[in-house]
Structures are given as structure tokens and as C-alpha cells.
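# Tertiary structure, described
Chain residues, written in single-letter form:
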Amino acid sequence: MQHDKILILDFGSQVTQLIARRVREAQVYCEIHPNDVSEDFIRAFNPRGIILSGSHASTYEDHQLRAPQQVWDLGVPVLGICYGMQTMAVQLGGSVEWSDHREFGYAEVRAHGHTKLLDGVEDFRTAEGHGMLKVWMSHGDKVTTLPPGFKLMASTPSCPIAGMADEARGYYAVQFHPEVTHTLQGHAMLDRFVRGICGCKGDWIMGDYIEEAVARIREQVGDEEVILGLSGGVDSSVAAALIHRAIGDQLTCVFVDHGLLRLNEGRMVMEMFAGRLHAKVVHVEAAEQFMGHLQGVTDPEQKRKIIGREFVEVFKAEAAKLKAADASAKGAKWLAQGTIYPDVVESGGTQTKKATIKSHHNVGGLPEQLGLKLLEPLRELFKDEVRELGVALGLPHDMVYRHPFPGPGLGVRILGEVKAEFAALLQRADHIFIEELRKTVDEATGKTWYDLTSQAFTVFLPVKSVGVMGDGRTYDYVVALRAVQTSDFMTADWAELPYSLLKRVSSRIINEVRGINRVTYDVSSKPPATIEWE
Ligand SMILES: Nc1ncnc2c1ncn2[C@@H]1O[C@H](COP(=O)(O)OP(=O)(O)OP(=O)(O)O)[C@@H](O)[C@H]1O
Ligand SMILES: O=c1[nH]c(=O)c2[nH+]cn([C@@H]3O[C@H](COP(=O)(O)O)[C@@H](O)[C@H]3O)c2[nH]1
Ligand SMILES: NC(=O)CC[C@H](N)C(=O)O
Ligand SMILES: [Mg+2]
């Protein structure tokens, strides 16, 4: 199926991904590519419209950072946002200047004249009858001369040209950021642009996408065998359900129990996938192997490396077994992964060198060592689209809306040396915390505290403290509860859980988990802390 497509050219803004999110919410397919893609690429992409993102750069300092000429030759509508507006102005004959008045944050913008983009889109009206918009601004430079053919579309007192349009050519530009949620009508504007102005149909719907994805997987894979690392997390579960829908028993899922999973996780995953979906799942009991190699190791990075290495070992062994068991000696030719669009965007192009805070581990990097081709059916989707797809595939809501769980599991939630007895205590304490979060409804929003937090878990501290229970002295371990709210996991705030909830969790853990006599709550944000403790 051919979808109508929007091309987003990225000039390096921090919020380019959000443009794509908003366009997808308007049910229009779009992709983000670097601003300097080749003209052939643009022609082949065949967009119905193009959006130019913001940037940290200035047009009068960086003379190379421009939209390719093809953008203006293609004859499709173009929307410039912030730097995208400034480069549009400069490239089409207007001008941009440095301004001593920087605007950062909330602003009120007045709409001028009638344009297809802003007509009827407003937050309030002034006494004089001007339509006003509440927006988010982040700029120092501004357009000072309109390019020929353009008219004024919006202004603020300090930025007289805050929006401009050449409607005959379908060119629109705004100095503010419609992609961030602080711009209240931003969603409406982007929807207007992609559907109303570019004429995209709005055919990007997850329920319909299943059929298309299934056909594509069948075509790619043919009659070959696929293996997939199944973690019970959202991405790998949805990938498994989708691939299973496409090729049935040609898919073998490998679920590795390293002894560091959540309570009852192994049973839950097997019931779901083997029991309900009738997918082939190999349940690898590898607790001894992982625990054996972790014995005596206390350094967090070393623990992560060992766990990553053992994942690879298990996979190699399972792939070899599969090959040996296959009478036709074909064996698995494909490794499926739950890679999603943010993974693709974050690992592509414009990344700067960053310090290693911790080495995240999953089974990425496997294909080279295994000699398998890579199957990544979710690589075009954002997390919430993956979730919608999961629901459309019939996975239960609770599974699809789970908090993420790191590959190394409880291995990075037991500080210092990992021991089976610590894991057993932690599993039970964590289970109580999650159960109470799921049960407790916030009156103001009507949502459970599980849904109001992005990630919540319990950390085991290998220190003992003194307590008193039933008139006797206890000398037992301490756990910390952690609950955070975040949209991207790059920064996070600790969640302001109700005291009554914390009280119930604490008293249940201390009463029900013998071996723990003290519960604390982690009140650190990221940064400077990280979400996990190791
Ligand atoms: N216990 C495991 N057994 C098999 N594969 C695993 C296991 N843990 C992690 N993986 C693999 O590592 C990948 C990356 O893990 P990651 O936690 O980023 O994603 P996820 O578990 O699929 O989803 P979520 O982000 O919701 O936890 C998984 O998709 C899965 O293929
Ligand atoms: O698949 C994963 N493998 C890992 O090794 C790993 N380490 C951290 N995380 C998750 O990443 C997010 C950010 O965590 P940090 O603030 O602790 O770095 C949080 O959601 C963490 O749970 C991992 N996920
Ligand atoms: N966010 C942006 O795109 C800013 C563009 C430009 N550097 C300015 O400050 O005006
Ligand atoms: Mg996971």
C-alpha cells in the first residue's frame, strides 16, 4: 500500500522527533531525514509536503545549512518551523537578522489576515477582534524582510514577523514551535498543514497497518526461519505477535530466564505466548549460568558486561540447536528485533560523542556474530504506535501498557554482588509495590498510579539495619522504592506518590517479606541521578 507521506528535514533541533509525533497523530505517515539528503532521495521519497525543522544555528553564520533546491522545485507545500522559517526566508529572497531581544518560552501571537493554516485556529480573541494563539518560542534571530510573494501571517510585539505565508505556492512558516504541547493549537496547525494543505488522506492507522506489515514480513522472509529474543517487554512482545501473525511456526521465540526477572514473569510470558497465541517459545532456564558468572562481581559496569555477554552465549547456543534440530538443515536465517523509530533516529546521523554513563544491554549486536539477517518490523513506529498495534493484535492491555524493564533486569537493581537470595526478596517486595500502584486510583485524574508513573520498581540495598517487630529485635535488609515520571527517559522527575500509598506499600513489604525491615523512597531526579541505581 502506498501511503501519503510527509518528509521532515532535520536541521538539528532538539524537538524534531516531536514534529513527527504530531504528524503521526494526524494519522499521516512521515519520516525524519537530515537536511542535506540528496535531491534524488527527495524525488524518490515523493512527499505530499515537506516540513523544515528548527536548529541551534543561525542563517547568517552557517551558510551551508539550507534546504536542498529540490524542496522548492518539487511543487509541494512546505512548512518552516523556527530555523526552518528563517532558512525559507533567506533562500527565497527575504532576510534574517540577529536580535538583541531573545524570546524563550511562553508567548502570545496575533494572527494576521486569512490563511489556510491559521484561519479559525485560535486560543482567544482580543477586544479588537484579533485571533490570538498561546505558543512556545525559542529563538534569538528573526525574519526582518518578507521574501517576494509572502504576506504576514502572525506577529508578537518583539517579533513583528512571527509567521508568513505564500499561499499560491503553499509555503507557510512560523517562528514558534507548533510541535511542542505548550503551543496549545500546535496539533491543530500541523493537522491542518498535512491534511488540509498537503491533502494527505490520514491513512496511517495501526489496525489497518497490521495487514500491510504482515504482507511485508511474508515477502521478506519467504519460507525461512526466524528467531526472536522475547523479553516480555512491550517492543519484543508486539514484534513477536506481529511476526507470528505473519509466518506462524516459522518463528521461534527465545525467552531467557536469567534468574533476574520480575516475580512470576516466566510463567506469565509462557502462558501468554505459548498458551494463548500458540507461538513456539523456547524457555531457556539460564539462572545458574548467569548467577555463576556474576558470583563475586560487584562493579556495575562489569555486571552489565557479563550479563550482555551471557545473553549472546545463550542465543548462539539456541541458534545452533535450532539448526541441528532442523531436518532440512536450513536453520534460522533471520534474527527479529523490536527496534522502534526512536532507536533508529537516536542512533543515526547527527549524534555527538557522549560520555558513557552506563552500557545499556539488550541483544543488539548479535546478528554479526550469528550470521543472521535482521528483521525489524517496528522500526518505523513510535512507542505509542507500537502499543496501539499490540492492542490491535489482541495482546492484553496490561501487557502492552507495562513499564519498561531493562535487559539486565534485577541484576542492576541489586546493588553490588548479585545473589539468588537477594533476588528472591526483591522480587516479592517489587511485586507488592507494583500491585499497590495498580490498585490505587488518583481521584483527580481517575487513573491508577501505575498509569500515572512512567517506571516504578524496587531496589535491593545489601545493608542491614536494626528494627523491632513483635517485641523482638530484627537486623534485616533495606529496600528503596523508585517511581519516576518522564516522557523520554532522558530526564525524569521522581513521582509525588501519595503518602497513604507509600505507607501501605511499606507496611506490606515489611510484614510480608521476611528479611526486609526497612523501606525508603528515592527522591532524586534524573539528572543528576539516573533512573536505575546501577
Ligand atoms: N530475558 C530476555 N530474553 C530474551 N530476550 C531479551 C530478554 N531481555 C531483553 N531481551 C531482548 O533485548 C531487547 C531490548 O530490550 P528492551 O528492554 O529495550 O525492549 P523490550 O523489553 O522489548 O521492551 P521494553 O522497552 O518495553 O522493556 C528486547 O526487545 C529483547 O529482544
Ligand atoms: O534494555 C535496557 N537495557 C539496559 O541495560 C538498561 N539500562 C537502563 N535501562 C532503562 O533505560 C531507561 C533509562 O535508565 P537510566 O536513567 O538508568 O540510564 C530506564 O527505563 C531503564 O530501565 C535499560 N534498558
Ligand atoms: N529554535 C530555533 O530553530 C532557533 C533558530 C535560530 N538559531 C534562532 O535563535 O532564532
Ligand atoms: Mg525490556
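The structure presented is a predicted model; accordingly, all values stated were derived computationally and were not measured.

Relative to strand β2 (residues 29–34), strand β1 (residues 5–10) runs parallel, the two being bridged by six bridges. By the bridge assignment, Lys5 is partnered in β2 with Tyr29. Taken together, β1, helix α1 (residues 16–25) and β2 constitute a β-α-β crossover, and its handedness is right-handed.

Under the domain assignment used here, the protein chain contains domain 1 (5–197), domain 2 (206–400) and domain 3 (419–521). Opposite the six residues of domain 1 that make contact, domain 2 presents six residues. Among the elements of the structure, α1 and β2 are those that each provide at least two residues to the side of domain 1 that touches domain 2. Considering every element that reaches the side of domain 1 that touches domain 2, the biggest residue donor is α1, with three residues.

Within a regular strand, the side chains alternate between the two sheet faces. Summarising burial for strand β14 (residues 332–336): four of the five residues are buried, a large majority. Bridge analysis of strand β11 (residues 225–229) against β14 gives four bridges, and the strand direction is parallel. Its bridge partner lying in β14, Leu228 is registered against Ala336. Pairing geometry for β14 and strand β15 (residues 373–375), over three bridges, is parallel. The residue of β15 that forms the bridge with Leu335 is Leu374.

Two numbers describe how helix α15 (residues 420–439) lies on helix α17 (residues 499–512): the axes approach to 9 Å, and their chain directions differ by 150°. Between α15 and α17, the angle is such that the two are roughly antiparallel. For α15 against α17, the interelement crossing comes out right-handed. Between α15 and α17, the contacting residues are Ala429, Ile432, Phe433 and Glu436 on the first element and Leu501, Arg504, Val505, Arg508, Ile509 and Glu512 on the second.

So, on to the sheet that holds β11. With parallel pairing, five strands are arranged side by side in an open sheet as β13-β12-β11-β14-β15. This sheet does not close on itself; its edge strands, each paired only once, are β13 (280–285) and β15. For this sheet, the mean angle separating the axes of adjacent strands, direction not counted, is 30°. Along the sheet face, helix α10 (residues 300–325) touches β11, β12 (251–257), β13 and β14 and points at about 145° away from the line of β12.

What counts, and at which threshold
- Position labels on residues start from 1 in each chain and follow its written sequence.
- Note on labels: chains are lettered from A, ligands numbered from 1, in written order.
- Owing to the predicted nature of the model, reporting of local features is limited to residues with pLDDT of at least 70; listing and counting of side-chain atom pairs is limited to 80 or more, with chain, interface and lining totals taken over all residues.
- DSSP-based pairing: two strands are paired if at least 2 bridges between them are found.
- What counts as a helix is a DSSP run of H or I of at least four residues, what counts as a strand is a run of E of at least two, and both are numbered from the N terminus.
- Note on handedness: a crossover is taken as right-handed if, strands pointing away from the viewer, the path from the first strand over the helix to the second is clockwise.
- Throughout the structure description, domain borders are defined by an automatic or database domain assignment.
- By the criterion used throughout, residues are in contact when their C-beta atoms, derived from the backbone, lie within 7 Å.
- Residues with at least 20 other C-beta atoms within 10 Å of their own are called buried, those with 12 or fewer are called exposed, and the rest are partly exposed. The C-beta atoms themselves are positioned from the backbone.
- Each axis is a line fitted through C-alpha atoms, taken for helices only over the stretch in contact, and angles between the N-to-C directions span 0 to 180 degrees.
- By the definition adopted for this analysis, an angle is roughly parallel if under 35 degrees, roughly antiparallel if over 145, roughly perpendicular if from 65 to 115, and oblique otherwise.
- Each crossing is labelled by how the near helix is turned from the far one, with a counterclockwise turn of less than a right angle marking it left-handed and a clockwise turn marking it right-handed.

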